[in-house]
Amino acid sequence: MAMGAIGTLVLVSCSKNPGTMNTASAQMLINGAGATFPYPIYSKWFDEYAKVDPSVRFNYQSIGSGGGQKQILAETVDFGASDGPMSDENLGKAPGKILHIPTVAGAVVVTYNLPDNPNLKLDGPTLADIFQGKITKWNDKRIAELNPGVNLPGSDLVVVHRSDGSGTSYIFTDYLSSVSKAWADEVGKNTSVKWPTGLGAKGNEGVAGQVKQLPGTIGYVELAYAHQNKLPFADLKNSSGNFITPSLDSVTEALATATIPEDFRFSMVNPPGEKAYPISGATWLLVYENQKDAVKGKKLVEFLKWAANKGEAMAATLDYAPLPANVQERVLERINTIKY
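What counts, and at which threshold
- Residues numbered from 1 in each chain as written.
- Predicted model: local features only at pLDDT ≥ 70, side-chain atom pairs only at ≥ 80, totals over all residues.
- Heavy atoms only, no water.
- Core = buried A, V, L, I, M, F, W, Y, C linked by side-chain atoms within 4.5 Å.
- Buried < 20%, exposed > 50% of the residue type's maximum accessible area, 1.4 Å probe, protein only.
- Helix = DSSP H or I, 4+ residues; strand = E, 2+ residues; numbered from the N terminus.
- Contact = heavy atoms within 4.5 Å.
- 1 Å grid on protein atoms, 1.4 Å probe; cavity = no way out; pocket = protein on both sides within 12 Å on 5 of 7 lines; lining within 4 Å.
- Points joined across faces, edges and corners; volume = space filled by probe spheres on them.
- Nonpolar A, V, L, I, M, F, W, Y, C, P; charged D, E, K, R; others polar.
- Pairing = 2+ DSSP bridges.
- Arc of directions from axis to C-beta.
- Phe/Tyr/Trp six-rings, centres within 6.5 Å; stacked < 30°, edge-to-face > 60°.
- Right-handed = clockwise from strand over helix to strand, strands pointing away.

## Quick look at the nonpolar core
Judged by nonpolar contacts, the single largest core of 103 residues is most densely connected at L127, F131, F172, I218 and I279. Sorting elements by how many residues they give to this core places strand 5 (residues 98-112) first, with ten residues. Ignoring anything within four residues of it in the chain, the contact list for I218 reads V110, T111, Y112, L122, I130, F131, W138, L157, V158, V159, V160 and V211.

This is the structure:
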């Protein structure tokens, strides 16, 4: 499936029989917008669900979590998608109660473009100083000490960050805030922050593209995007002092330690756990508890139930961690509260 720079997904089923060409126009269109972090798994789900219920067509705009939150608040979409939970302030602006439906968890990885692309090791304070512009050369002493034996060039280190409102940025800045007081005080965590240095790019796709094209760059993307673009990524020191490779297993370990409250808004960065990857995060679908369109609401709920059951089984093949069984049960209970 082709993925554009913006990441628009439109799935249409059309019959080749000219006598039934009105099939597509009769389909129900369900519109969504938001996070690029889960775009690969959502693409898969929408594609597979078209086989389950051909009467439904999904149009998903992969515009970033900030855009997803804005559009669900404005009621211009049927569902939003975000990797950062909505704030109390934003939820208070909504014309009705918005539910957070967690779907999967994934890793935000630190990727880079260096000669021979060595397997780097980094820790949180060093990473925070890189993204604050305090470390400006690849052969800086702090990077070198973490990577003995690695031939680091003396070239400039160029940061690439998201230019759009982004849940991936939320997870990344949440992590940096947890490991660096200077970052927490001067930059903070949010879907959009005032970046101290670097180049901006739109979407996970844009950051991955910039890093792939420009030597000397360092950026952050969801794990699936690094794999798709054949980009290297760093092992990170976790709260137990171990260097951890981002993977399905290390994200699952992080998810297992997360405390998940009743409203499903939670953070899982820098968790305890010997093998937990420290920049892990969940992603959510945002839906109104009271659906205005009864027919569309029923179809949306049917899809959400399918995703919570069948969709979870597809997560691992795309480098996402499925929700634990007990959390899946809680999510299904929450989906059942949606009224239409």
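## A closer look at empty space enclosed by the protein
Within this structure, the stated rule accounts for four cavities of 30 Å³ or more. Across the lining of the largest cavity, the residue classes tally to ten nonpolar, two polar and one charged.

## A short note on the sheet that holds strand 6 (residues 121-122)
Read across the open sheet, the three strands follow the order 6-10-11; overall the sheet is mixed. The open sheet has two edge strands with one neighbour each: strand 6 and strand 11 (243-244). Pairing of strand 6 with strand 10 (residues 235-237), which is carried by two bridges, proceeds in the parallel orientation. Within the sheet, the bridge partner assigned to K121 lies in strand 10 and is D235.

## Some remarks on helix 13 (residues 325-335)
For helix 13, the complete set of buried residues consists of V327, Q328, V331, L332, R334 and I335. In an axial view of helix 13, the angular spread of the buried residues amounts to 160°, which keeps them on one side of the axis. Along helix 13, exposed side chains directed more than 90 degrees from the buried face belong to A325, E329 and E333. The inward-facing, buried residues of helix 13 abut strand 5 and helix 12 (294-309).

## Section: the layout of surface pockets
The space that makes up the largest pocket amounts to roughly 320 Å³. Along the wall of the largest pocket there are 18 residues; nearest its centre are G66, Q69, N90, N190 and T191. The biggest single contributor to the lining of the largest pocket is helix 3 (residues 65-74), with five residues. Taken together, the residues of the lining of the largest pocket break down into five nonpolar, ten polar and three charged.

## Points about the packing of aromatic side chains
Within the structure shown, the criterion is met by 24 aromatic pairs. A ring pair is formed by Y49 and F303, whose centres lie 5.2 Å apart and whose planes are at 75°; its orientation type is edge-to-face. Taken together, the positions of Y49 in helix 2 (residues 39-52) and F303 in helix 12 put the pair 254 residues apart, joining distant regions of the chain. Taken individually, Y49 and F303 each receive the classification buried, so the pair is uniform in this respect. Taken together, a centroid distance of 6.3 Å and an interplanar angle of 65° make the contact between F58 and F79 edge-to-face. Taken together, the residues span a long stretch of sequence, with F58 in strand 3 (residues 56-62) and F79 in strand 4 (residues 79-82) at a distance of 21 residues. Just as F58 is buried, F79 falls in that class too.

## A word on the side chain of K296
Relative to the elements of secondary structure, K296 occurs in helix 12. For K296, the contacting residues outside a window of four places in its chain are M28, L29, I30 and D78.

## Thoughts on the pairing of strand 2 (residues 28-34)
With seven bridges joining them, strand 2 and strand 3 adopt parallel strand pairing. Bridge assignment links L29 to a residue of strand 3, and that residue is R57. One crossover worth recording links strand 2 to the parallel strand 3 by way of helix 2, and it is right-handed. Pairing between strand 2 and strand 4: three bridges, direction parallel. Its bridge partner lying in strand 4, G34 is registered against A81.

## Description of the environment of G80
Relative to the helices and strands, G80 resides in strand 4. Residue classification places G80 among the buried residues on the basis of a relative accessible area of 0%. For G80 and T257, which are 177 residues apart along the polypeptide, the C-alpha to C-alpha distance reads 26 Å. Dropping the residues within four chain positions of it, G80 is found in contact with A33, G68, I72, W284, L285 and L286.

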